[in-house]
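Residue-level structure breakdown
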Amino acid sequence: MTDQELVPGFTDLAETMGAQVISVSGPEAVAAKLVEVLRPLGSKVALTACSLIRETGLEAALTQAGFLVEKDGAEFARQADIGIVEADYGIAETGTLVTDATDLKRRLASMLPLTCAVLLPAERIRANLAEVVEAYLASGPWPGYLALVTGPSRTADIERSLTIGVHGPERLLIILVGSDDCGGQ
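To keep things clear, this report deals only with the structure shown in the data block. Everything quoted here is computed from the prediction, not taken from an experiment. (Residues numbered from 1 in each chain as written. Predicted model: local features only at pLDDT ≥ 70, side-chain atom pairs only at ≥ 80, totals over all residues. Heavy atoms only, no water.)

Turning next to the pairing of strand β7 (residues 115–121). The side chains of a regular strand alternate between the sheet's two faces. Counting buried residues in β7 gives 7 out of 7 residues, a clear majority hidden from the surface. Residues Thr115, Ala117, Leu119 and Pro121 line one face of β7 and the alternating positions Cys116, Val118 and Leu120 line the opposite face, and both faces are buried. The sheet contact formed by strand β4 (residues 82–86) and β7 spans 5 bridges and is parallel. For Glu86, the partnering residue across the bridge sits in β7 and is Leu119. With 7 bridges connecting them, β7 and strand β12 (residues 171–177) associate as parallel partners. Across the sheet, residue Pro121 finds its bridge partner in β12, namely Val177. (Buried < 20%, exposed > 50% of the residue type's maximum accessible area, 1.4 Å probe, protein only. Helix = DSSP H or I, 4+ residues; strand = E, 2+ residues; numbered from the N terminus. Pairing = 2+ DSSP bridges.)

Let's shift gears to unusual backbone geometry. For Ala77, which is not glycine, the phi dihedral falls at a positive 75°. Among the residues examined, Ala77 registers a relative accessible area of 0% and is labelled buried.

Turning our attention to the sheet that holds strand β2 (residues 44–47). In a beta sheet, neighbouring strands are held together by backbone hydrogen bonds and run either parallel or antiparallel to one another. Within the open sheet, the 6 strands sit side by side as β1-β12-β7-β4-β2-β3. Their pairing is parallel. Strands with a single pairing partner mark the edges of an open sheet, and in this sheet they are β1 (20–24) and β3 (68–70). Averaged over neighbouring strand pairs, the angle between their axes works out to 25° when direction is ignored. On top of the sheet, helix α2 (residues 30–38) reaches β1, β4, β7 and β12; it is set at about 160° to β12, its chief contact. Here helix α5 (residues 104–111) sits on the sheet and contacts β2, β4 and β7; the angle it forms with β4, its principal contact strand, is near 130°. (Axes fitted to C-alpha atoms, helices over the stretch in contact; angles between N-to-C directions. Contact = heavy atoms within 4.5 Å.)

The next point concerns the pairing of β4. Burial analysis of β4 places 5 of its 5 residues in the buried class, the great majority of the element. Covered by surrounding structure in β4 are Ile82, Ile84 and Glu86 together with Gly83 and Val85, the residues of both alternating faces. Note that β2 and β4 share 3 bridges and pair parallel. Its bridge partner being in β4, Ala46 is matched across the sheet by Gly83.

Let us now look at helix α6 (residues 129–139). Taken as a whole, α6 has its buried residues at Val132, Ala135 and Tyr136. Take α6 and look down its axis: the buried residues cluster within an arc of 95°, on one side only. Set apart from the buried face of α6 by more than 90 degrees, the exposed residues are Glu134, Leu137 and Ala138. The elements touched by buried residues of α6 are β5 (89–91), β6 (96–100), β8 (125–126) and β9 (146–149). Among the residues of α6, the N-terminal cap falls to Asn128, whose side-chain oxygen and the backbone nitrogen of Ala130 are separated by 3.1 Å. (Arc of directions from axis to C-beta. Polar contact = N/O pair within 3.5 Å; in protein donor to acceptor, adjacent residues only side chain to side chain.)

For the rest of this paragraph, the subject is the sheet that holds β5. The strand order β8-β5-β6-β9 describes an open sheet built from 4 strands, whose pairing is mixed. Edge positions in the sheet fall to β8 and β9, since each of these pairs with one other strand and no more. Where β5 meets β6, 3 bridges bridge the pair, whose relative direction is antiparallel. Across the sheet, Tyr89 pairs through a bridge with Val98, a residue of β6.

Another aspect to go through is the packing of aromatic side chains. In total, this model carries 2 aromatic pairs according to the counting rule given. Ring centres of Tyr89 and Tyr136 lie 5.1 Å apart, and the angle between their planes is 75°; this geometry places the pair in the edge-to-face category. Of the two residues, Tyr89 sits in strand β5 while Tyr136 sits in helix α6, which places them 47 residues apart along the sequence. Residue Tyr89 is classed as buried on the basis of its relative accessible area, which comes to 11%. Note on Tyr136 and Trp142: the rings are 5.7 Å apart at their centroids and 65° apart in plane angle, and the pair reads as edge-to-face. The exposure class of Trp142 is partly exposed, given its relative accessible area of 43%. One aromatic cluster is present, formed by Tyr89, Tyr136 and Trp142 through successive ring pairs. The ring centre of Tyr145 lies 4.2 Å from the NZ or CZ of Arg107, which sits over that ring. (Phe/Tyr/Trp six-rings, centres within 6.5 Å; stacked < 30°, edge-to-face > 60°. Lys NZ or Arg CZ within 6 Å of the ring centre and 35° of its normal.)

By themselves, these figures tell us nothing about what the structure is for.
Now the structure itself:
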């Protein structure tokens, strides 16, 4: 897979697995797009501390737009409608998000609310899992808890009937930051 094929390949497979991929031109466009997209999905947001979330001014934009932003506390993310996290990598071969979820708040924000919005810089999309493993090994110690997420939570354990949202969010939004394919955003 060439570098030019990574973003379209990732997007196609993530959408095939049920995620909604929204491309934005850069970090400056994230807050406005998320306010627009999240407004009909609820008002309580569990927000984790990540570099891209800080860089985008997302907390201030959500608060100004009337969302209740939760960042801490014993009940963190338990009553939130939406969790917002940042992924470390995307895998084009499968449309999978990869995150160091060693931090409990990151796991809670990505698993408890019905909607999970994940920020993913387009330059962090790799062709396959082997390239992601190489990137983690090159960057330091191996994460204590590594999460691989492909589409919304789903199971077909009960009566062989596919059910969405049983073990995690029923809606997965991927905000692809810095993609050339932004549809004018």
